[in-house]
Amino acid sequence: GCDAPVQPLHFPQDHGPHLNARNEWWYFTGTALTADGETLGFQVTLFKRLVSQRKGIAGVGHVAVSIPQAQEHLYSETVTSPPVTGLNEGVAEVTLTDYQFRFSESGVITVTGSGAACAVDFVLIPLTAPVLHGDDGIITMGDGMPSAYYSFPNLATSGTIRVRDKIYTIIA
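Parameters at a glance
Residues numbered from 1 in each chain as written. Predicted model: local features only at pLDDT ≥ 70, side-chain atom pairs only at ≥ 80, totals over all residues. Heavy atoms only, no water. Core = buried A, V, L, I, M, F, W, Y, C linked by side-chain atoms within 4.5 Å. Buried < 20%, exposed > 50% of the residue type's maximum accessible area, 1.4 Å probe, protein only. Helix = DSSP H or I, 4+ residues; strand = E, 2+ residues; numbered from the N terminus. Contact = heavy atoms within 4.5 Å. Pairing = 2+ DSSP bridges. Axes fitted to C-alpha atoms, helices over the stretch in contact; angles between N-to-C directions. Phe/Tyr/Trp six-rings, centres within 6.5 Å; stacked < 30°, edge-to-face > 60°.

**Considering the nonpolar core**
Part 1 of the reasoning: Counting residues in each nonpolar core, the largest one holds 32 residues, and the members touching the most others are Leu-46, Phe-101, Val-111, Phe-122 and Ile-161.
Part 2 of the reasoning: Ranked by residues supplied to this core, first place goes to strand S2 (residues 39–52) with 5 residues.
Part 3 of the reasoning: Sequence-distant contacts of Val-111, that is, excluding residues within four places in its chain, are made with Phe-28, Val-44, Gln-100, Phe-101, Val-120, Asp-121, Phe-122 and Leu-124.

Dropping the structure here:
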(Lines give C-alpha, C1' and ligand atoms only; values in the text may rest on other atoms or scores of the structure.)
Protein backbone atom coordinates (compact mmCIF):
# COMPACT_ATOMS: atom_id res chain seq x y z
CA GLY A 1 0.00 0.00 0.00
CA CYS A 2 1.04 3.57 -0.53
CA ASP A 3 -0.57 6.79 0.73
CA ALA A 4 0.63 8.87 -2.23
CA PRO A 5 -1.10 7.07 -5.08
CA VAL A 6 -0.04 7.48 -8.66
CA GLN A 7 -2.69 6.95 -11.32
CA PRO A 8 -2.59 4.90 -13.32
CA LEU A 9 -0.30 2.34 -11.71
CA HIS A 10 2.64 1.28 -13.86
CA PHE A 11 4.49 -1.94 -13.22
CA PRO A 12 7.19 -2.84 -12.43
CA GLN A 13 8.18 0.65 -11.16
CA ASP A 14 5.12 1.00 -8.88
CA HIS A 15 6.12 -2.19 -7.05
CA GLY A 16 8.95 -0.13 -5.55
CA PRO A 17 9.08 2.81 -3.15
CA HIS A 18 7.47 6.18 -3.73
CA LEU A 19 9.77 8.54 -1.89
CA ASN A 20 7.10 11.25 -1.50
CA ALA A 21 4.72 8.85 0.27
CA ARG A 22 4.59 9.37 4.03
CA ASN A 23 3.64 5.70 4.64
CA GLU A 24 4.23 2.74 2.41
CA TRP A 25 4.18 -0.99 3.04
CA TRP A 26 4.63 -4.27 1.22
CA TYR A 27 3.52 -7.59 2.62
CA PHE A 28 3.85 -11.14 1.41
CA THR A 29 1.60 -13.69 3.09
CA GLY A 30 0.57 -17.23 2.40
CA THR A 31 0.86 -20.88 3.17
CA ALA A 32 3.84 -22.98 2.19
CA LEU A 33 4.21 -26.73 1.77
CA THR A 34 7.47 -28.19 3.08
CA ALA A 35 9.38 -31.09 1.53
CA ASP A 36 8.28 -33.12 4.59
CA GLY A 37 4.59 -32.48 3.83
CA GLU A 38 3.97 -29.92 6.58
CA THR A 39 1.97 -26.76 5.92
CA LEU A 40 3.36 -23.52 7.37
CA GLY A 41 1.93 -20.02 7.34
CA PHE A 42 4.14 -17.00 6.68
CA GLN A 43 4.11 -13.23 6.54
CA VAL A 44 6.90 -10.84 5.62
CA THR A 45 6.16 -7.13 5.86
CA LEU A 46 8.32 -4.11 5.12
CA PHE A 47 7.11 -0.69 6.29
CA LYS A 48 8.57 2.62 5.08
CA ARG A 49 7.79 5.91 6.80
CA LEU A 50 8.96 9.36 5.80
CA VAL A 51 9.67 10.83 9.25
CA SER A 52 10.47 14.32 7.94
CA GLN A 53 12.34 15.87 5.04
CA ARG A 54 15.21 16.62 7.42
CA LYS A 55 15.42 13.21 9.15
CA GLY A 56 14.47 11.09 6.14
CA ILE A 57 12.93 7.62 5.99
CA ALA A 58 12.65 4.99 8.74
CA GLY A 59 11.56 1.40 8.31
CA VAL A 60 10.40 -1.77 10.02
CA GLY A 61 10.87 -5.32 8.80
CA HIS A 62 8.62 -8.06 10.20
CA VAL A 63 8.63 -11.81 9.61
CA ALA A 64 6.18 -14.31 11.12
CA VAL A 65 5.77 -18.07 10.78
CA SER A 66 2.86 -20.21 11.95
CA ILE A 67 3.14 -23.94 12.51
CA PRO A 68 -0.47 -25.15 12.73
CA GLN A 69 0.47 -28.73 13.71
CA ALA A 70 2.32 -27.42 16.79
CA GLN A 71 -0.16 -24.57 17.41
CA GLU A 72 2.81 -22.22 17.35
CA HIS A 73 3.31 -18.70 15.99
CA LEU A 74 6.70 -16.97 15.99
CA TYR A 75 7.79 -13.57 14.78
CA SER A 76 10.76 -11.26 14.63
CA GLU A 77 11.04 -7.64 13.62
CA THR A 78 13.72 -5.03 13.20
CA VAL A 79 13.41 -1.25 13.27
CA THR A 80 15.69 0.69 10.94
CA SER A 81 16.11 4.27 12.15
CA PRO A 82 16.38 7.15 9.72
CA PRO A 83 17.92 7.79 7.40
CA VAL A 84 17.26 4.59 5.42
CA THR A 85 19.43 4.75 2.32
CA GLY A 86 19.43 2.88 -0.97
CA LEU A 87 15.76 3.39 -1.81
CA ASN A 88 15.21 4.59 -5.35
CA GLU A 89 12.00 5.88 -6.90
CA GLY A 90 10.84 3.61 -9.71
CA VAL A 91 13.12 0.70 -8.70
CA ALA A 92 11.15 -2.34 -7.51
CA GLU A 93 13.43 -3.18 -4.60
CA VAL A 94 13.45 -2.32 -0.89
CA THR A 95 16.05 -3.28 1.71
CA LEU A 96 15.56 -2.57 5.42
CA THR A 97 18.38 -4.13 7.48
CA ASP A 98 17.65 -7.91 7.40
CA TYR A 99 14.54 -7.64 5.20
CA GLN A 100 14.37 -7.26 1.45
CA PHE A 101 12.18 -7.75 -1.57
CA ARG A 102 13.06 -7.37 -5.23
CA PHE A 103 11.00 -7.71 -8.40
CA SER A 104 13.20 -8.89 -11.28
CA GLU A 105 12.62 -7.76 -14.85
CA SER A 106 11.23 -11.24 -15.59
CA GLY A 107 8.59 -10.77 -12.87
CA VAL A 108 10.13 -13.11 -10.28
CA ILE A 109 10.00 -11.76 -6.72
CA THR A 110 12.68 -12.54 -4.15
CA VAL A 111 11.77 -11.97 -0.50
CA THR A 112 13.96 -12.37 2.57
CA GLY A 113 13.34 -11.60 6.21
CA SER A 114 15.44 -12.71 9.14
CA GLY A 115 15.24 -12.44 12.90
CA ALA A 116 16.19 -14.48 15.96
CA ALA A 117 12.98 -16.54 16.08
CA CYS A 118 12.42 -17.16 12.38
CA ALA A 119 13.45 -16.30 8.84
CA VAL A 120 12.32 -16.77 5.24
CA ASP A 121 14.19 -16.81 1.95
CA PHE A 122 11.73 -17.11 -0.93
CA VAL A 123 11.45 -17.02 -4.67
CA LEU A 124 7.86 -16.11 -5.62
CA ILE A 125 6.53 -16.41 -9.15
CA PRO A 126 3.22 -14.67 -9.88
CA LEU A 127 0.86 -17.05 -11.68
CA THR A 128 -1.59 -14.24 -12.52
CA ALA A 129 -1.38 -10.53 -13.20
CA PRO A 130 -1.76 -8.19 -10.22
CA VAL A 131 -5.35 -7.63 -9.11
CA LEU A 132 -6.06 -3.92 -8.63
CA HIS A 133 -8.27 -3.11 -5.65
CA GLY A 134 -10.91 -0.39 -5.79
CA ASP A 135 -10.93 1.96 -8.76
CA ASP A 136 -7.86 1.15 -10.85
CA GLY A 137 -5.85 0.18 -7.76
CA ILE A 138 -6.87 3.15 -5.60
CA ILE A 139 -8.84 2.60 -2.38
CA THR A 140 -9.88 4.90 0.46
CA MET A 141 -8.19 4.09 3.77
CA GLY A 142 -9.77 4.47 7.23
CA ASP A 143 -8.47 8.03 7.50
CA GLY A 144 -10.31 8.97 4.28
CA MET A 145 -7.08 9.28 2.30
CA PRO A 146 -6.49 7.46 -0.99
CA SER A 147 -4.01 4.62 -1.19
CA ALA A 148 -2.61 2.52 -4.02
CA TYR A 149 -3.44 -1.14 -3.37
CA TYR A 150 -3.09 -4.32 -5.38
CA SER A 151 -2.45 -8.04 -4.83
CA PHE A 152 -0.89 -11.06 -6.45
CA PRO A 153 -3.39 -13.70 -5.32
CA ASN A 154 -1.51 -16.74 -6.61
CA LEU A 155 2.26 -17.08 -6.18
CA ALA A 156 4.33 -20.20 -6.80
CA THR A 157 6.57 -20.34 -3.71
CA SER A 158 9.95 -21.99 -3.22
CA GLY A 159 12.87 -21.45 -0.85
CA THR A 160 13.36 -21.96 2.87
CA ILE A 161 11.76 -21.10 6.19
CA ARG A 162 13.82 -21.20 9.37
CA VAL A 163 12.15 -21.65 12.76
CA ARG A 164 14.73 -21.29 15.50
CA ASP A 165 17.45 -23.76 14.36
CA LYS A 166 15.28 -25.89 12.05
CA ILE A 167 15.27 -25.17 8.32
CA TYR A 168 12.29 -26.24 6.19
CA THR A 169 12.63 -26.60 2.42
CA ILE A 170 9.59 -25.10 0.70
CA ILE A 171 8.29 -26.87 -2.40
CA ALA A 172 4.95 -25.11 -2.94
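**Things to note about the sheet that holds strand S13 (residues 155–163)**
Part 1 of the reasoning: Strand order in the open sheet made by the 6 strands is S5-S6-S7-S8-S13-S14, with antiparallel pairing throughout. Across the chains shown, the open sheet's two edge strands, defined by having one partner strand only, are strand S5 (93–96) and strand S14 (166–170). Averaged over all adjacent pairs, the angle separating strand axes in this sheet is 5 degrees, with direction ignored.
Part 2 of the reasoning: Two elements, S5 and strand S6 (residues 99–103), share 4 bridges in a ladder whose sense is antiparallel. For Leu-96, the partnering residue across the bridge sits in S6 and is Tyr-99.

**Description of the packing of aromatic side chains**
For any two aromatic rings, the description comes down to two numbers: the centre-to-centre distance and the angle of the planes.
Part 1 of the reasoning: Inspection of the entire model under this criterion finds 7 aromatic pairs.
Part 2 of the reasoning: Summarising the aromatic geometry, the rings of Phe-103 and Phe-152 are spaced 6.1 Å apart at their centres and angled 35 degrees between planes, so their arrangement reads as tilted. Note that Phe-103 is positioned in strand S6 and Phe-152 in the loop between strand S12 (150–151) and S13, a separation of 49 residues in sequence. Each member of the pair, Phe-103 as well as Phe-152, is classed as buried.
Part 3 of the reasoning: Chaining the aromatic ring pairs together yields one cluster made of Phe-11, Trp-26, Phe-28, Phe-101, Phe-103, Tyr-150 and Phe-152.

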